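In case you want the letters, here they are:
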Amino acid sequence: MPEYRIIPKPEWYEEKEGSIEVSLAAEGLRPAEFASDVYPIRLVTDQTLEPEAYVLTVSENGIEICASGDAGAFYGMVTWRMILMQVEKKDGRKVVHCLRISDSPRYSYRGVSLDESRHFFGVETVKKLLDQMASLKLNTFHWHLSDDQGFRVESKLFPRLNSVGSRRACAGLRGCSLEHRGGEYFHYYTQEEIREIVAYAKALHIRVIPEIDLPGHTSAILAAYPEYACDLNGIPRMFATASESGIFDAILCAGSDAAMEFVDRLFSEICPLFEAEYFHIGGDEALEGHKIWAQCPRCRALQEEQGLHSRKELQGFYMTRVGKLLKKYGKKAIVWNDCINDSFSQDIACQYWIADNAGEVQRQSRMRDVILSLTEYFYFDYKYEKLPLEKVYSFDEEKIGFGGEDQRVIGLECENWTEFTDTPEALEFGLYPRIAAFAEVSWTRRGRREYRDFQERFAWYLSYLDSEGINYSRIADGSYRNTDSYVFHRGADGEEFLQNEKLKLQC
């Protein structure tokens with residue numbers, strides 16, 4: 001009797017005697033197809049189960065999915081469909097062996113990010129990603145929509161955010177990234193497209209969290225509206241949407257009431273497009289901008305007025321003010337960990353990406369919600385030599401200081417930054433198959449995880465990716481030579497990994 005290969009691994013899997021034959025209207029795994037299936041499935045409501053938990057029972061009397069609500073029922077159906085793709089056929093019907101699966105997630109936040117400021121992918125690519133997320137029971141899409149290299153949301157209140165901020169001179173990014181090429185790059189999502197994607201994600205039980213990065217990473221915003229930058233003794237500064245990669249000193253003025261009103265009005269327009277309770281406001285890599293704040297009379301005056309001792313504290317004060325604005329629109333703020341300190345309101349969540357202030361983040365996790373997305377485990381723009389599949393799977397929150405019961409870790413997130421990723425194929429190459437290991441780490445409890453067991457189930461997942469036409473990496477284990485020390489994934493076929501040896505990688 002075969003054990004069906006389920007990713008992420010369920011909490012409890014028990015084989016039973018017997019089998020059942022079922023007809024099948026659609027054989028794919030895409031959750032969007034669920035409504036077209038004709039199965040003898042009985043849905044049972046059990047309010048004692050957790051919101052995303054389910055119990056799937058296959059017996060000779062039929063198929064039953066027990067859940068407390070729609071999310072659990074949905075994940076039960078995802079597991080059922082994964083089983084159906086693996087079972088044997090008999091006279092045009094499928095024979096499923098009897099079993100009982102009882103399952104629930106390790107974390108309530110299981111996220112995937114996509115940076116579309118650096119490179120834009122469009123509605124169909126995002127929907128394809130959402131389909132694959134749902135098939136792995138991932139429930140949060142973090143959408144990075146504004147950075148130095150482009151503002152990607154339609155604004156009717158501030159049209160120059162699109163006519164200027166959504167446009168840059170070159171498609172490629174010079175510097176530590178892809179070379180300038182392709183001429184002008186001009187892309188953004190209309191508000192109607194945003195609503196379409198949010199609705200599509202909602203049907204898959206995925207929440208969409210937008211990110212508008214503040215107060216740094218704002219070259220595109222300030223190119224459109226330079227009046228919201230610092231006033232350096234009356235000398236105007238000119239900005240351009242960046243056609244380079246890197247960290248810039250473009251920063252919104254912390255001491256300007258007009259700049260804060262701009263943020264408020266922008267939120268009043270963008271927040272209603274998204275139903276998720278969270279809104280990401282960035283806060284990362286602002287130190288270059290702090291040097292501008294140090295020269296700005298308005299920022300210095302605000303820092304003195306509030307009794308703040310440093311520009312880091314001034315940023316905490318600024319981000320807390322922005323968080324209060326979000327509350328008016330029913331949102332809770334998330335910020336990156338490199339800016340976090342005690343000057344931030346405790347209702348602002350912290351996303352832990354860089355280990356420079358590990359001890360501080362561990363301390364902060366006892367007073368605010370924390371999301372773990374460390375570069376060394378979950379940055380999928382890193383090449384496979386630096387971050388192979390097994391390294392993703394090896395993640396253990398206890399080993400990095402987040403195993404305490406009093407620590408408010410709400411979940412995990414994998415990151416897809418796109419300085420180097422300029423096509424859907426390149427995005428898929430970096431994301432797949434590592435996303436499968438990430439999904440299991442974020443859903444399945446540590447005591448149930450073992451890499452060799454995962455590899456046995458993983459073989460089926462690769463065949464599924466083949467059937468979906470996904471451009472996944474065949475070098476997931478990192479077992480190849482490489483003399484190039486460069487960190488990031490570049491391209492869709494893996495050739496970059498051996499570029500110094502002038503060898504073609506066979507993928």
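Every value quoted in this text rests on a predicted model; they were computed, and no experiment measured them.

**Q** Go over helix α13 (residues 424–431) with me, naming the residues and quoting the values.
**A** With six of eight residues buried, α13 is to be regarded as a mostly interior element. Looking at α13, one finds that the buried residues are Ala-426, Leu-427, Glu-428, Phe-429, Gly-430 and Leu-431. On the buried face of α13, the contacting elements are β7 (109–115), α2 (123–135) and α14 (434–443).

**Q** Explain the state of the cysteines to me, using residue names and the numbers behind them.
**A** Cysteine pairs can be linked by a disulfide, which is a covalent bond between their two sulfur atoms. A complete count under the given rule lists zero disulfides for this structure. Here Cys-299 is not cross-linked by a disulfide; its sulfur's nearest cysteine counterpart is in Cys-296, at 3.7 Å. For Cys-299, a relative accessible area of 0% puts it in the buried group.

**Q** Kindly report on empty space enclosed by the protein, identifying the contributing residues and their values.
**A** Counting across every chain of the model gives one cavity of 30 Å³ or more. One number sums up the size of the largest cavity: a volume of about 40 Å³. As for the largest cavity, its lining consists of Phe-380, Asp-381, Asn-416, Trp-417, Thr-421, Ala-426, Leu-427, Gly-430, Leu-431 and His-489. Partitioned by chemical class, the residues of the lining of the largest cavity number five nonpolar, four polar and one charged.

**Q** Could you give an account of the pattern of salt bridges, naming the residues involved and the relevant values?
**A** The final tally for this structure, using the stated rule, is 34 salt bridges. The partner of Arg-118 in a salt bridge is Glu-419, and the shortest N-O contact between them spans 3.6 Å. With Arg-118 in the loop between β7 and α2 and Glu-419 in the loop between β17 (409–414) and α13, the pair connects residues that are 301 residues apart, well separated along the chain. Residue Arg-118 is classed as buried on the basis of its relative accessible area, which comes to 5%. Under the relative-accessibility criterion, Glu-419 is labelled buried at 14%. Within this structure, Arg-106, Asp-396, Glu-397, Glu-398 and Arg-446 form a network of salt bridges that share partners.

**Q** How would you explain the packing of aromatic side chains if you had to name every residue and give the values?
**A** Evaluation of the coordinates by the stated rule reveals 34 aromatic pairs. By way of ring pairs, the aromatic residues Trp-336, Trp-353, Tyr-379, Tyr-382, Trp-417, Phe-420 and Phe-488 are connected into one cluster. Geometry around Tyr-107 places Arg-106 over its ring, the cationic atom sitting 4.3 Å from the centre. The cationic tip of Arg-167 hangs over the ring face of Phe-186; the distance from NZ or CZ to the ring centre is 3.7 Å.

**Q** So, the confidence of the model for the protein: which residues are in play, and what are the values?
**A** Averaged over all residues, the pLDDT of the protein equals 91, while 91% of them reach at least 70. In the predicted structure, residues 479–483 sits below a pLDDT of 50 and forms 14 contacts with residues beyond four places in sequence or in another chain. Below a pLDDT of 50 lies the segment residues 497–507, which in the model reaches 25 contacts outside its immediate sequence neighbourhood of four places, other chains included.

About the criteria used
Starting afresh in each chain, residues are numbered from 1 along the sequence in its written order. A pLDDT threshold of at least 70 governs which residues receive local features in this predicted model, and a stricter bar of 80 or more applies before side-chain atom pairs are shown or counted, although totals over entire chains, interfaces and linings include all residues. For the side-chain quantities, the full set of heavy atoms in the structure was used; hydrogens and water were omitted. Accessible area is worked out with a 1.4 Å probe on protein chains only. A residue is then buried under 20% of its type maximum, exposed over 50%, and partly exposed in between. The helix and strand labels rest on DSSP assignments: H or I over at least four residues marks a helix, E over at least two residues marks a strand, and numbering proceeds from the N terminus. The contact criterion used throughout is that any non-hydrogen atoms of two residues lie within 4.5 Å. Two cysteine sulfurs form a disulfide in these notes if their separation is within 2.5 Å. As defined here, a cavity is a set of points on a 1 Å grid over the protein atoms alone where a 1.4 Å probe fits but cannot get out. A pocket is an open set with protein on both sides within 12 Å along at least five of seven lines, and residues line them when an atom is within 4 Å of a point. Grid points are joined across faces, edges and corners, and a volume is the space filled by probe spheres set on the points. For this scheme, ten residues count as nonpolar: Ala, Val, Leu, Ile, Met, Phe, Trp, Tyr, Cys and Pro. Four count as charged, namely Asp, Glu, Lys and Arg, and the remainder, Gly too, count as polar. We define a salt bridge as a side-chain nitrogen of Lys or Arg found within 4 Å of a carboxyl oxygen belonging to Asp or Glu. Pairs were defined over the aromatic rings of Phe, Tyr and Trp, the Trp ring being its six-membered one, requiring ring centres within 6.5 Å. Orientation was assigned from the angle between planes: stacked under 30 degrees, edge-to-face over 60, tilted for the rest. Geometrically, a charge over a ring is one whose NZ (Lys) or CZ (Arg) sits within 6 Å of the ring centre while staying within 35 degrees of the ring normal. As a per-residue measure, pLDDT tells how confident the predictor is, with possible values from 0 to 100.

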